[in-house]
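Chain and residue survey
Listed below are the residues making up each chain.
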Amino acid sequence: MLVDDRPAAPRLFAAPLRGAVARIPDRVLVAAGVLAIVLVSLWLRSRALDAKFWIDEGLSVGIAHHDFFSIPSLLREDGSPPLYYLALHVWMHLIGGDGEARTHALSLLFALATIPSGWWAGRRLFGARAGWATAALCATCPFLTYYAQEARMYALVALLGLMSTAAFAVAYVQRDRRALPAFSVLAALMVYAHNWGLFLAIGLGVAFLVLWRTAPETDRRGLLRDGVIGFGVLAVLYLPWVPTLLSQAAHTGAPWSDRPGVDDLFAGLYPLVGGVTTALLVSLLGIAGLLSLRHEGAAAAGPRRAALAIGVALGAAVLLAWLASQVSPAWAGRYFSVFLGPALLLAGAGLMRFGRLGLVALAIVLFLWFDPREHQIRGKSDAYRVARSLDEQGLLAPRDLIVAVHPEHGPLMRYYLGPGYQWADALGFVADNRVFDWRDALERLKDAKPRRTFDRIAPAVAPGHHLILIEPIIKTASWKAPWTSLVRRRAPQWEHAADDDPRFIRVGPVPRFDGHGLPRGVRAIVYLRR
C-alpha cells in the first residue's frame, strides 16, 4: 500500500505566506487595515450621494453662496455658528459647483475621517483592539451613513466631537502636554461648527473637575495649571463669536422645536446607533465592559480614568442640552451628532473588554448597521420634482412671483428653480432669496396675516404671469411645535386668499399625486394673473 506523505497544499503555502506577512512592517499592515475599512465605508456611504436636497440643505448651500467674509455676520439671521458654511463655501469653489453629489462629498469626507480618528483615539486610550472596534463602529454607524450624504454640518460635528474628546483624554488623563493645543483648537472648532458643541465643551469641563478632584494631591497643581491653559485658550478662541451667539439666543432660537420630555433623553440617542435593539446591545455590553475596569489593577488605571472622564463628559453634556431646551427649546435628534464620537469611543472600548463575546456582539452590530439607507436618504423632499414639473409644464416665466408659504423652503426652491423670478414668503417680499431670516420669526409670522400680506404682494404679478404658492405637505410630518403649528394653520389660509381674489385664475396643483402616497416636502399651487 502506497502512502502519500506529501504535505497538504494549505500547509505547503501557509508557512511562506506567514513569513511574508511577518516581514511587512506593522505600520504598513495597520495602514492597509484602516484603508480597507475606509473603502468599505466609502461604498456604504456613497449609494445616495446624488440624492436631492431637503429644506435645510437648501439653506446650507444658499448661505455658502454668499461672500466668504460676510457669512459670519449673515448668520445672525440663521442661528448657527459659521465653520461648516465657510468650509462649504471654499469646497464649492474648489470642486467647481454646488450640485448635490459635489456638496454631499464634503460631508462624506468628514464621515470617513472619523474612521482613522476613531482607530487612533481608541488605540491610544484603550488599546489596539479598542482602536479597531471603534474604527469599525465609525465606519458603519447608521447616523454617519445618513449624514455623510447630506449638505449639513453633522458629519463634521461628529468628527470634531470625537477628536476633541480624545485630545482632552490624552492631555488630562494621560498627561501628555503636547495634546493641550490640539484640545483647545479642536474644541474651538467644535463649538464653531454647532452650538451644541458648547454642551460637550462644558461637559469636558465637568470631567476635568472630576479628574482634578480624584487626582493624587501631588498632581493637582500641575493638572489645574494645564486645565487653565487648555480651557483658557479655548475660551479666547471662542470669544469673538460670543456677541453673535448672544444675539442669536435673543432673536433666533428654534421655534420649530418642542420642549423635550424625560423620555427624549433616551429617544434622542436611539437614532445614533440604529434603533432600540442595537442601542441596548451596544450600551449594555459597552457599559458592563467599562465597569469591569474597576476590578483591574494599576495597569488599567489610565483606561479606567479615561472611561470615567469621557463618560462624565458625555452624561453632563446630554443633561445640559436637555435642561437648556427646557428654557429655550432647541431639541433635535440630529444635534446629538456632537455626542456620537465619544459614545462610539466608549462603545468600542467596552465591547472589547468581553473578549470573544465582545467580538461576537461587535459582529452582530456591524451586520445590523451595514445598511446604506438609500431609500430613506432619497425620500427627504420632493422639492426637485416640483421644480421640474413646473418647468416641464411651462408654468414658469421670468418675473413670475414665487411665494414660500412655509418660509424656510424659499432657499431650497430658489436652488432648484434658479434666478429670474420675484420672491416672497408668508412674511412678505424677500430681499435675499438664498437665506431665511429667523430673527423673531415666530412673532413676525403671527403678525403677517395671510390676506393682508397677499394683498401687499399680489400687485407685483403682471397680467399673464404666474403666482406660485409653494405649500408644505402637511400629512407627512409632525406640526406640533409653535412655528410648524402656525405654518400648518397659515397654509390653507394663503390658498383661500388666492382662490378668493378675482385677479387670479387657479391653474391647479403641481404635481398631481392622483392617489399615490404623499411625499415629504412641498407642492405648488399655480395661479394666472388675468
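Everything discussed here concerns the structure shown above.
Here's a quick rundown of the structure. (Residues numbered from 1 in each chain as written. Predicted model: local features only at pLDDT ≥ 70, side-chain atom pairs only at ≥ 80, totals over all residues. Heavy atoms only, no water.)

A look at the pairing of strand S6 (residues 522-529)
The element S6 is extensively covered by neighbouring structure, given that six of its eight residues are classed as buried. Sheet topology note: the strand S4 (residues 466-472)/S6 ladder contains seven bridges and is antiparallel. Bridging from a neighbouring strand, Leu467 pairs with Tyr527 of S6. Taken together, the six bridges between strand S5 (residues 504-510) and S6 define a ladder with antiparallel strand orientation. Paired with Arg506 across the bridge in S6 is Tyr527. (Buried < 20%, exposed > 50% of the residue type's maximum accessible area, 1.4 Å probe, protein only. Helix = DSSP H or I, 4+ residues; strand = E, 2+ residues; numbered from the N terminus. Pairing = 2+ DSSP bridges.)

A word on the pattern of salt bridges
Taken as a whole and judged by the stated rule, the model has 22 salt bridges. Residues Arg378 and Glu374 are paired through a salt bridge, measuring 3.0 Å at the closest nitrogen-oxygen approach. Of this pair, Arg378 and Glu374 are both found in helix H19 (residues 374-378), four residues apart, which corresponds to roughly one turn of the helix. Its relative accessible area of 37% is what places Arg378 among the partly exposed residues. Take Glu374: its relative accessible area is 32%, and that puts it in the partly exposed class. Here Arg506 makes a salt bridge to Asp499, at a shortest N to O gap of 3.1 Å. Classification of Arg506 as partly exposed rests on a relative accessible area of 35%. Residues joined in a network through salt bridges with shared partners are Arg175, Arg177, Arg225 and Asp226. (Salt bridge = Lys/Arg side-chain N within 4 Å of Asp/Glu carboxyl O.)

Some words on helix H24 (residues 482-499)
For H24, which comprises 18 residues, the first-to-last C-alpha distance of 27 Å matches the rise-based estimate of 26 Å (1.5 Å per residue) to within 8%. Residues of H24 that are buried: Trp483, Thr484, Ser485, Leu486, Val487, Arg490, Ala491, Trp494, Glu495, Ala497 and Ala498. (Expected span 1.5 Å × (residues − 1).)

Brief notes about the pairing of strand S1 (residues 401-404)
The two faces of S1 match: Leu401 and Val403 on one face and Ile402 and Ala404 on the other face are all buried. Relative to strand S2 (residues 422-425), S1 runs parallel, the two sharing four bridges. Note on S2: the bridge partner recorded for Val403 is Ala424. In this region the chain leaves S1, passes through helix H21 (residues 410-417) and returns to the parallel neighbour S2; the handedness of that crossover is right-handed. Where S1 meets S4, four bridges bridge the pair, whose relative direction is parallel. Bridged to Leu401 within S4 is Leu467. (Right-handed = clockwise from strand over helix to strand, strands pointing away.)

Side note on a nonpolar patch on the surface
The grouping of Val185, Leu189, Ile229, Val233 and Leu237 at the surface amounts to a nonpolar patch, some 350 Å² of accessible area in total. For the nonpolar patch, the leading source of residues is helix H12 (residues 217-238), giving three residues. One can find Ile229 in helix H12. (Patch = residues over 30% accessible without salt bridge, like charges linked within 9 Å, V, L, I, M, F, W, Y side chains within 5 Å. Areas by Shrake-Rupley, 256 points an atom, 1.4 Å probe, with all protein chains shown as cover.)

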